[in-house]
Amino acid sequence: MTRVLSCIQPTGDVHLGNYLGALRNWVAGQHEKDVFHGIVDLHALTITDAPGVVGETTVDLAAWLFAIGLDPQVATVFVQSHVAEHSQLAWIMECTVSYGELSRMTQFKDKSAKREGDFISAGLFTYPALMAADILLYDAQEVPVGDDQRQHVEITRDVAIRFNSRFGDTFVIPKAVMPAAGARVMDLQDPTSKMSKSAESDAGLVRMSDDPKVVAKKFKRAVTDSESEVRYDRAAKPGVSNLLDILSACTGESPETLATRYTQYGPLKTDTGDAVVALLEPIQRRHRELLDDRGELTRLLRVGAERAGTVAAATLQRAYDAIGLLPR
Ligand code: TRP
């Protein structure tokens, strides 16, 4: 079975765009491929936070992943820092990648430029080495990533090929694949921008944890346009089309079909809000249950760490042996 690795950083609140756009497909995909899902808390350290914050966002994200239906018996869901081999292989990767290669990473250039004058950790620079370790430890054949992460998968390939040619066949050469297409959820207040936790206004962002009343209100206030015709046309009518896309993601009917049922924006907004509330309700309930039972959550994450750790330890040992480090 194809081995797939997807990872997500525990930074901030999970929102409807994350769920409908990506996470929901993780759930569907768990039965098709051998999937490993890492909550990459060490990656989140490249940008410093107050003590305790990363741990809390990690546990919250883990609860969402199980709440949406990832089955710990099927998918391997683990926390990166629970599997020490990530840090260990990352060092080997740092010694296999070059300074020049890391300097060419556009994400580093963008992020460090934005932080100019601020603290720029060396980790922000060496981050692709840790990501390469994440991928190579699991012999991942496929890594579903968006465009912003493709370059990091490419560098992983280059580094794996270099290591294999220096030390002999050790790593599976991964490839970046397009994630299964989910809904493209736009900001409710600015429907030409993707819904994002860094949005300027909170009103355009639907958090997975939002109370039903808050969800309904955000949809009622969603930006549409000055016409009054309900029509699916992303370019000309981004706001209305976003609502239709979200409703479609909830109901499974096509946005074009849904559009024919409405003559006014009001009912479309109400119905979309209601559909999202109904979709979120059982997920929110399970999320709360898990957070109220940290023991259970810890147990589920131990199952994942155990399975991930077994694979990771074998790969790390293979790399050490290939290099010819002195066995202990
Ligand atoms: N860098 C990715 C991001 O910011 C997260 C990530 C870390 C990742 N390690 C990974 C993604 C390994 C895929 C595979 O989104």
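Just above, that's the structure.
Residues numbered from 1 in each chain as written. Predicted model: local features only at pLDDT ≥ 70, side-chain atom pairs only at ≥ 80, totals over all residues. Heavy atoms only, no water.

Enquirer: What's the story with the overall build of the protein chain in this structure? I'm lost.
Expert: Along its length, the protein chain carries twelve helices and five strands. Taken over the C-alpha trace, the protein chain has a radius of gyration of 21 Å; the compact-globule value for 328 residues is 20 Å, and the two agree within 12%. Dimensions of the protein chain, computed from C-alpha atoms along their principal axes, come out at roughly 75 × 40 × 40 Å. Relative to its full complement of 328 residues, the protein chain shows a buried share of 49%. (Helix = DSSP H or I, 4+ residues; strand = E, 2+ residues; numbered from the N terminus. Rg over C-alpha atoms; globule rule 2.2 N^0.38 Å. Buried < 20%, exposed > 50% of the residue type's maximum accessible area, 1.4 Å probe, protein only.)

Enquirer: Whenever I open this one, helix α2 (residues 53-67) confuses me. Can you help?
Expert: Three or four residues apart is the spacing at which side chains of an α-helix point the same way, because the helix has 3.6 residues per turn. The terminal C-alpha atoms of α2, which comprises 15 residues, lie 21 Å apart, in line with the 21 Å expected from a rise of 1.5 Å per residue. By the criterion of burial, α2 is predominantly enclosed, with twelve of the 15 residues buried. On its buried face, α2 is in contact with β1 (3-8), α1 (16-29), β2 (34-39), β3 (76-79), α11 (265-292) and α12 (294-323). Immediately downstream of α2, the backbone of G69 shows phi near 120°, a positive value. (Expected span 1.5 Å × (residues − 1). Contact = heavy atoms within 4.5 Å.)

Enquirer: Whenever I open this one, the site of the ligand confuses me. Can you help?
Expert: Near the ligand the following residues occur: L5, C7, Q9, V40, H43, Y127, M131, D134, I135, V143 and Q149. Q9 is positioned such that a nitrogen or oxygen atom in its side chain is 3.1 Å from an oxygen atom of the ligand. Within the contact set of the ligand, a nitrogen atom lies 2.6 Å away from a side-chain nitrogen or oxygen of D134. Contact with the protein chains covers 88% of the free accessible surface of the ligand, which is 370 Å². Going through the elements one at a time, β1 and α6 (122-137) are the ones with two or more residues in the shell around the ligand. Among the elements that line the shell around the ligand, the one with the most residues is α6, at four residues. Residue composition of the shell around the ligand, by class: seven nonpolar, three polar and one charged. (Near = heavy atom within 4 Å. Polar contact = N/O pair within 3.5 Å; in protein donor to acceptor, adjacent residues only side chain to side chain. Areas by Shrake-Rupley, 256 points an atom, 1.4 Å probe, with all protein chains shown as cover. Nonpolar A, V, L, I, M, F, W, Y, C, P; charged D, E, K, R; others polar.)

Enquirer: Please clarify how the packing of α11 against α12 should be interpreted in this entry.
Expert: The axes of two packed helices give the description: the angle between them and the distance between them. The contact between α11 and α12 brings their axes to 5 Å, and the two run at 95°. Taken together, α11 and α12 sit at an angle that is classed as roughly perpendicular. Counted together, L290, L291 and D292 of α11 and R294, E296, L297 and L300 of α12 form the full contact between these two elements. (Axes fitted to C-alpha atoms, helices over the stretch in contact; angles between N-to-C directions. Parallel < 35°, antiparallel > 145°, perpendicular 65-115°, else oblique.)

Enquirer: Before we go on, may I ask you to explain unusual backbone geometry in this structure?
Expert: For residues other than glycine, phi is negative in most cases, and the peptide bonds are mostly trans. A positive phi angle, close to 50°, is found at D139, a residue other than glycine. Looking at the secondary structure, you find D139 in the loop between α6 and β4 (142-144). For D139, a relative accessible area of 19% puts it in the buried group.

Enquirer: What exactly am I supposed to notice about the nonpolar core here?
Expert: Nonpolar side chains in soluble globular proteins tend to be buried together. Core analysis: the biggest nonpolar cluster contains 55 residues, and L16, F219 and I246 have the highest contact counts within it. Apart from the residues within four sequence positions on either side, L16 is in contact with G21, V185, M195, V206, M208, F219, I246, V276 and L280. Listed in part, the 39 residues of the second largest apolar core include F125, I135, A308 and L316. (Core = buried A, V, L, I, M, F, W, Y, C linked by side-chain atoms within 4.5 Å.)

Enquirer: Which parts of the structure should I look at to understand the pairing of β3?
Expert: Walk down a regular strand and you will see the side chains alternate between the two sheet faces. Residues T76 and F78 of β3 are buried on one face, and the alternating residues V77 and V79, pointing to the opposite face, are buried as well. Sheet topology places β2 next to β3; four bridges connect them, and they run parallel. The residue bridging H37 from the neighbouring strand is V77, located in β3. (Pairing = 2+ DSSP bridges.)

Enquirer: Explain the environment of P174 here, please?
Expert: Tracing the backbone shows P174 in the loop between α7 (147-167) and β5 (175-177). Sequence separation of P174 and P128 is 46 residues, and the distance between their C-alpha atoms is 14 Å.

Enquirer: What exactly am I supposed to notice about the pattern of salt bridges here?
Expert: Side chains that differ in sign of charge can pair as their charged atoms come close. Within the structure shown, the criterion is met by 20 salt bridges. One salt bridge connects D210 with K218, and the closest N-O pair in it is separated by 2.7 Å. Across this residue pair, the class does not change: D210 and K218 are buried. We note a salt bridge from K237 to D225, for which the minimum N-O separation is 3.3 Å. Of this pair, K237 sits in the loop between α8 (212-220) and α9 (238-251) while D225 sits in the loop between α8 and α9; the two residues are twelve residues apart in sequence, bridging distant segments of the chain. On the accessibility criterion, D225 (25% relative accessible area) is partly exposed. Each of D225, E227, E229, R231, D233 and K237 takes part in salt bridges that share partners, so that together they form one network. (Salt bridge = Lys/Arg side-chain N within 4 Å of Asp/Glu carboxyl O.)

Enquirer: When you look at the pairing of β2 in this model, what are you seeing that I'm missing?
Expert: Among the six residues that make up β2, five are buried, leaving the element largely enclosed by the rest of the structure. Bridge analysis of β1 against β2 gives six bridges, and the strand direction is parallel. Bridge pairing in β2 links V4 to V35. The handedness of the β1 to β2 crossover, carried by α1, is right-handed. Following the backbone out of β2, through α2 and into the adjacent parallel β3, one traces a crossover that is right-handed. (Right-handed = clockwise from strand over helix to strand, strands pointing away.)

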